[in-house]
Amino acid sequence: MKKNDLSVFKMEKEGFKITLKRNEFDGIVPAPAPAAPVYASAPAQAAPPAAASAPAAAPKEAGKEITSPMVGTFYRAPSPEAPAYAEPGTEVTEETVVCIIEAMKMMNEIKAETKGVIAEVLVENGTPVQFGQALFRLR
Amino acid sequence: MRPLSLDARLLRLLRENPGGDIAEKLGVPPESARDRIRVLREAGYAIEDNRLIAAPDRLIADDILSRLDQPGFVREIIVFEETGSTNDVAAQLGRGGAAEGLVVFAERQTSGRGRLGRRWESSAGRGLWFSLLARPQFSMRFWPRLTTWAAVAVARGIEDSTPCEGKIKWPNDIYVAGKKAAGILTETQMDGNPFAVAGIGVNINQEAADFPDSLHGKAGSLLMAAGRPLDRMEIAAKILRRLDAAYPLIESGFEKIVAEARARSFLEGRWVEIGSEQGVVEGLDEEGGLLLRKPDGRLITLRGGEATPAGEKRL
């Protein structure tokens, strides 16, 4: 790296506020991340507007169900070709991704947030879900 | 409040309050000011008589920061010459605990992508490819509002900095002169320290021939609409200023953002097909969802799907 380069100066002085060149960020940049979720058939069902307009916390589970944190479209897999995240019998932990909810083109990976075993998938792939709607039943 | 670096303060001074004793204005020794001006010149800036004449056609974090007000949503800017996808980098930094307000730019993305895993053409140095890291403090239920926030800011930022008019094709694409010129892909991670990454791509200085055949007639650039090359760094700064200004409204005052989105709607009043639904677009609901009047007269709200306008067919 050239001594007078703007980016080098910043790296010395400021840490983050820098112009980085390829490979100068190796310690942080991950290996290529998984591809974006792919949805071949566009979901297009009516989803009634959220009832309340004031921010409110999503109801927390008592361990029996996994619920949707928002109004959106439910997807069981990251792409139509991919296997579902969770099937009946799948063991889940707090960190296990169980589905994707898409809302306003925002892709939200939903985690189980509890330990258990999936007993039943309550929603059909590609269909609309409401805020707080149960998605999975656990046993 | 982010402290501006010496270079950012210097650039702001050269732009807004030029001439005179720059070192004194900055409160640094004269040799420091001279040294930084030399470094800026080497980076491509034209500076005469302590006055900024021209900036290079290259994204420089300090320069963009120097054009923003403080405090705002944007707190840190990182510029890569090249990266796979700025969304992936921002998400990785988010998982590592990076604070809200981080913005990751890349001059070139090797695997820029849009929704549906589609490739997003991210030619080197011709557009803006960047991602914002947000950690909203309100319920995730309302996080999808971020899409509309970003779309309006991109459209307004384009209008602030170019002769172009930005139309929003609900909910996440920006059309200029009838062609898609910008897009937004938002992704979230919802666990212990949840965050959202909003990736924004803006086609600026591409010529029609720069787009692959498959995008001909569909994708456009601001250059193609304006008829001349445009200042990428200025457009970046204007979009970030709009994002800064509107961020608090996402939680409180979202109806103002929705009104801006509706005023720029590419689909308003048009007959569209979205999956199995079709009808005439009649505005947006309070969360930015699309209101569609079906042939049977029912009004439904859509929060997802790919809208395909079918000419001007009316009910």
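Here's what I pulled together on the structure shown here.

The rules behind the values
Here the residue numbering is sequential within each chain, running from 1 through the sequence in written order. Starting at A for chains and at 1 for ligands, labels are handed out in the order in which the entities are written. Selection of residues for local features in this predicted model requires a pLDDT of at least 70, selection of side-chain atom pairs for listing and counting requires 80 or more, and totals for whole chains, interfaces and linings are taken over all residues. Only hydrogens and water are set aside when side-chain values are computed; all heavy atoms of the structure are taken into account. Here a strand pair is declared whenever DSSP counts at least two bridges between the two strands. Strands here are runs of E lasting at least two residues and helices are runs of H or I lasting at least four, both read from the DSSP assignment and numbered beginning at the N terminus. Angles run from 0 to 180 degrees between N-to-C directions of axes, and those axes are lines fitted to C-alpha atoms, restricted for helices to the stretch in contact. Within this document, salt bridges are pairs made up of a side-chain nitrogen of Lys or Arg and a carboxyl oxygen of Asp or Glu, the two lying within 4 Å of each other. Burial here depends on accessible area, computed with a 1.4 Å probe over protein chains only, as a share of the maximum for the residue type. Under 20% is buried, over 50% is exposed, and the range in between is partly exposed. Between the first and last residue of a helix there are one fewer steps than residues, each counted as 1.5 Å, and that sum is the expected span. Fitting axes to the seven residues that end at a residue and to the seven that start at it, the angle between those axes gives the bend at that residue. For this analysis, a polar contact is any N or O atom pair within 3.5 Å, provided that within protein one partner can donate a hydrogen and the other can accept it, and provided that sequence-adjacent residues contribute only side-chain to side-chain pairs.

1. Re the sheet that holds strand E13 (residues 299–302) of chain B
Backbone-to-backbone hydrogen bonds join strands into a sheet, with any given pair of strands oriented parallel or antiparallel.
Residue and element names in this part refer to chain B.
Argument step 1. If you walk across this open sheet you meet the five strands as E13-E12-E11-E10-E14, and the pairing is antiparallel. In this open sheet, the two strands that pair with only one neighbour each are E13 and strand E14 (307–309). Looking at each pair of strands side by side, their axes are set apart by 45° on average, direction ignored.
Argument step 2. Relative to strand E11 (residues 277–284), strand E10 (residues 271–274) is paired through four bridges, and the arrangement is antiparallel. Along E11, the bridge assignment pairs Val272 with Gly279.

2. Quick word on the pairing of strand E6 (residues 166–169) of chain B
Residue and element names in this part refer to chain B.
Argument step 1. Where E6 and strand E7 (residues 173–176) come together, four bridges link them in antiparallel fashion. Across the sheet, the residue bridging to Lys169 is Asp173, located in E7.
Argument step 2. Where E6 folds back on E7, the antiparallel hairpin that results is connected by three residues.

3. Details of the pattern of salt bridges
All names here are of chain B.
Argument step 1. Under the criterion given, the structure shown has 30 salt bridges over all chains.
Argument step 2. The partner of Asp7 in a salt bridge is Arg36, with the nearest N and O atoms 3.0 Å apart. Taken together, the residues span a long stretch of sequence, with Asp7 in helix H1 (residues 6–16) and Arg36 in helix H3 (residues 30–42) at a distance of 29 residues.
Argument step 3. Taken together, the shared-partner salt bridges in this structure form one network comprising Asp7, Asp35, Arg36, Arg38 and Glu42.

4. Quick look at the pairing of strand E5 (residues 97–103) of chain A
Consecutive side chains along a regular strand alternate between the two faces of the sheet.
Residues and elements named next belong to chain A.
Argument step 1. Most of E5 is tucked away: seven of the seven residues are buried.
Argument step 2. The sheet contact formed by strand E3 (residues 72–75) and E5 spans three bridges and is antiparallel. Looking across to E5, one finds that Tyr75 is bridged to Ile100.
Argument step 3. Note: E5 against strand E6 (residues 106–111), six bridges, orientation antiparallel. The residue bridging Val97 from the neighbouring strand is Lys111, located in E6.
Argument step 4. Counting the residues between successive antiparallel strands, the hairpin from E5 to E6 contains two residues, one of them, Met104, with a positive phi of roughly 50°.

5. Focus: helix H8 (residues 232–251) of chain B
Residue and element names in this part refer to chain B.
Argument step 1. Taking 1.5 Å as the rise per residue, H8 with 20 residues should run 28 Å; its terminal C-alpha atoms sit 30 Å apart, in good agreement.
Argument step 2. Along H8, the sharpest change in direction is near 35° and occurs at Ala245; proline Pro248 comes one to four residues later.
Argument step 3. Here H8 has its buried residues at Arg232, Met233, Ile235, Ala236, Ala237, Ile239, Leu240, Leu243, Asp244, Ala246, Tyr247 and Ile250.
Argument step 4. Two or three places before Met233, at the start of H8, stands the capping residue Asp231, its side-chain oxygen 3.1 Å from that residue's backbone nitrogen.
Argument step 5. Among the residues trailing H8, Gly253 stands out with phi positive, at a value near 115°.

It is worth stressing that arrangement in space is one thing and function is another; only the former is reported here.
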